[in-house]
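A look at the structure
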Amino acid sequence: MKVEKIMVIGAGQMGSGIAQVCAQAGYKVILNDLKAEYVERGLGVIRKNLSRQVDKGRMEQQAMDEVIANIEGSSDIASAKEADLVIEAAVENMDIKTKIFAQLDELAPEHAILASNTSSLPITEIAAATKRPEKVIGMHFMNPVPVMKLVEIIRGLATADEVYGTIEDITKKIGKVPVEVNDFPGFVSNRILMPMINEAIYTLYEGVASKEAIDEVMKLGMNHPMGPLTLADFIGLDTCLYIMETLHEGFGDDKYRPCPLLRKYVKAGWLGRKSGRGFYIYE
């Protein structure tokens, strides 16, 4: 399968990062979101990221200009008619994702592959919203996308081998390392990471130690680059809660029960870095 043009749905932190690495690899990219202002904000983030690379001497100005020229903005989902591959990076909500995939199935060319950047939701269920489940696959990028090397590639029940092979090749071409994962709640990364973060929140909730102490133990004792509570703030506490709920519902096991303190923070609007306050306060 030949892929020349990639459409990315969602111009937020993940979507803009995916668009950037695809454009840097020479693909023509359509960056799409619901409103033109969201798209422009996403393009602004890409320009800022690339400018930083130019300032540090890691990229020539001409190379940056070429990357920017590879990306066009769109606030119309009908742009999918031009794409060979669509990577959806919308909010982590099954209803929203299945609605998007049903639309993409109607709009995208028959040969187009539809991929989801979901961090925890079943690819098989997302694929069931389409008439092309064999062309639906998961591409779970890590945050921040331009920096992190891993992409979990998740086969749905019906995903064709040819589709998997194409996505594996594209993942390598954009400078990432593909790892094949089966379709279980949370895949590998979040099935292991989120219960660890949840347990760190329980440790704080039960008064075992302060937030700073919990983070310091994991950084110095386990050689983690950042503590679990700092990481939770970085990911977004609402996202952490949603993934824990997906794990809890998907496995029916109380070891995945979200900590009440996590629920309380999300209800308070303390979502981490993006809201200015989570476990820590951000200016």
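Residues numbered from 1 in each chain as written. Predicted model: local features only at pLDDT ≥ 70, side-chain atom pairs only at ≥ 80, totals over all residues. Heavy atoms only, no water.

In the UniProt entry, the feature "binding site: NAD(+)" (unreviewed entry) is given for Gly10, Ala11, Gly12, Gln13, Met14, Gly15, Asp33, Glu92, Lys97, Ser119, Asn143 and Lys274. Of the residues annotated just before, the second largest pocket has Gln13 and Asn143 among its lining. Mapped onto the elements of the fold, Gly15 is located in helix α1 (residues 13–24). Judged by relative accessible area, Gly15 falls into the buried class, the value being 1%. If we skip the residues at most four places from it in the chain, Gly15 touches Val8, Gly10, Leu31 and Ala89. Excluding residues that lie within four positions of it along the chain, Glu92 makes contacts with Lys97, Thr118, Ser119, Ser120, Leu121 and Tyr242. Looking at Glu92, its side chain comes within polar contact range of the side chain of Thr118, at 2.8 Å. (UniProt positions renumbered as here; feature names shortened; annotations may be inferred. 1 Å grid on protein atoms, 1.4 Å probe; cavity = no way out; pocket = protein on both sides within 12 Å on 5 of 7 lines; lining within 4 Å. Helix = DSSP H or I, 4+ residues; strand = E, 2+ residues; numbered from the N terminus. Buried < 20%, exposed > 50% of the residue type's maximum accessible area, 1.4 Å probe, protein only. Contact = heavy atoms within 4.5 Å. Polar contact = N/O pair within 3.5 Å; in protein donor to acceptor, adjacent residues only side chain to side chain.)

Now for the environment of Ser189. Note that Ser189 resides in helix α7 (residues 189–205). What makes Ser189 buried here is its relative accessible area of 18%. Sequence-distant contacts of Ser189, that is, excluding residues within four places in its chain, are made with His140, Met142 and Glu152. There is a polar contact of 3.5 Å between the side chain of Ser189 and the side chain of His140.

Let's shift gears to the environment of Thr118. Along the chain, the position of Thr118 falls in the loop between β5 (113–116) and α5 (123–127). The buried category is assigned to Thr118, whose relative accessible area is 0%. For the pair Thr118 and His140, spaced 22 residues apart in sequence, the C-alpha to C-alpha distance is 6.0 Å. Ignoring sequence-local partners within four residues, the contact set of Thr118 consists of Glu92, Lys97, Ile123, Ile126, His140 and Phe187. Here the side chain of Thr118 touches Leu121 through a polar contact of 2.9 Å, landing on its backbone nitrogen.

In this section: the domain arrangement of the protein. Looking at the assigned domains, one finds that the protein contains domain 1 (5–182) and domain 2 (189–273). Here the C-alpha centroids of domain 1 and domain 2 sit 27 Å apart. Each side of the interface is counted separately: domain 1 has 12 residues, and domain 2 has 6 residues. Taking both partners together, domain 1 and domain 2 bury about 700 Å²; carbon and sulfur atoms supply 54% of that area. Among the residues domain 1 hides against domain 2, the three largest losses belong to Glu92, Ser119 and Ser120. Together they make up 45% of the total. The interface formed by domain 1 and domain 2 includes 0 salt bridges. On inspection of domain 1 and its partner domain 2, the count reaches 4 residue pairs in polar contact (both at pLDDT 80 or more). Here the side of domain 1 that touches domain 2 is built from residues that sort into 4 nonpolar, 6 polar and 2 charged. (Domains from an automatic or database assignment. Buried area = accessible area lost by both parts, 1.4 Å probe. Salt bridge = Lys/Arg side-chain N within 4 Å of Asp/Glu carboxyl O. Nonpolar A, V, L, I, M, F, W, Y, C, P; charged D, E, K, R; others polar.)

Here the second largest pocket is characterised by a volume of approximately 500 Å³. Around the second largest pocket, the lining comprises 26 residues; the ones closest to its centre are Gln20, Asn49, Pro144, Pro146 and Val147. When residues of the lining of the second largest pocket are traced back to their parent elements, those giving at least two are α1 and α2 (36–55). Of the residues forming the lining of the second largest pocket, the biggest block, 6 residues, is contributed by α1. In terms of residue class, the lining of the second largest pocket is made up of 11 nonpolar, 9 polar and 6 charged. (Points joined across faces, edges and corners; volume = space filled by probe spheres on them.)

Turning to the packing of aromatic side chains, a few remarks are in order. To describe a pair of aromatic rings, one takes the distance between the centres and the angle between the planes. Tallied over the entire structure, the rule returns 4 aromatic pairs. Aromatic pair Tyr202 and Tyr205: ring centres 6.3 Å apart, planes at 70°, arrangement edge-to-face. Here Tyr202 and its partner Tyr205 are both found in helix α7, 3 residues apart, which amounts to about one turn of the helix. Classification of Tyr205 by relative accessible area gives partly exposed; the value is 44%. Ring pairing ties together the aromatic residues Tyr265, Trp270 and Phe279, which thus form one cluster. A cation over an aromatic ring shows up here: Arg155 above the ring of Tyr164, its NZ or CZ 4.4 Å from the ring centre. Across the ring face of Tyr280, the terminal group of Lys211 is positioned such that the distance to the ring centre comes to 5.7 Å. (Phe/Tyr/Trp six-rings, centres within 6.5 Å; stacked < 30°, edge-to-face > 60°. Lys NZ or Arg CZ within 6 Å of the ring centre and 35° of its normal.)

Let us look at the sheet that holds strand β4 (residues 85–88). Either a parallel or an antiparallel arrangement is found when strands of a sheet pair, and the pairing is made through backbone hydrogen bonds. The 8 strands lie next to each other as β3-β2-β1-β4-β5-β6-β7-β8, forming an open sheet whose pairing is mixed. Two strands bound the open sheet, and with one partner strand each, they are β3 (71–74) and β8 (177–181). Between one strand axis and the next, the sheet turns by 25° as a mean value, whatever way the strands run. As defined by bridge partners, strand β1 (residues 5–9) adjoins strand β2 (residues 28–32) across 5 bridges and the pair is classed as parallel. Bridging across to β2, Val8 finds its partner in Leu31. Lying on the sheet, α1 is in contact with β1, β2, β3, β4 and β6 (136–141); it crosses β2 at an angle near 170°. (Pairing = 2+ DSSP bridges. Axes fitted to C-alpha atoms, helices over the stretch in contact; angles between N-to-C directions.)

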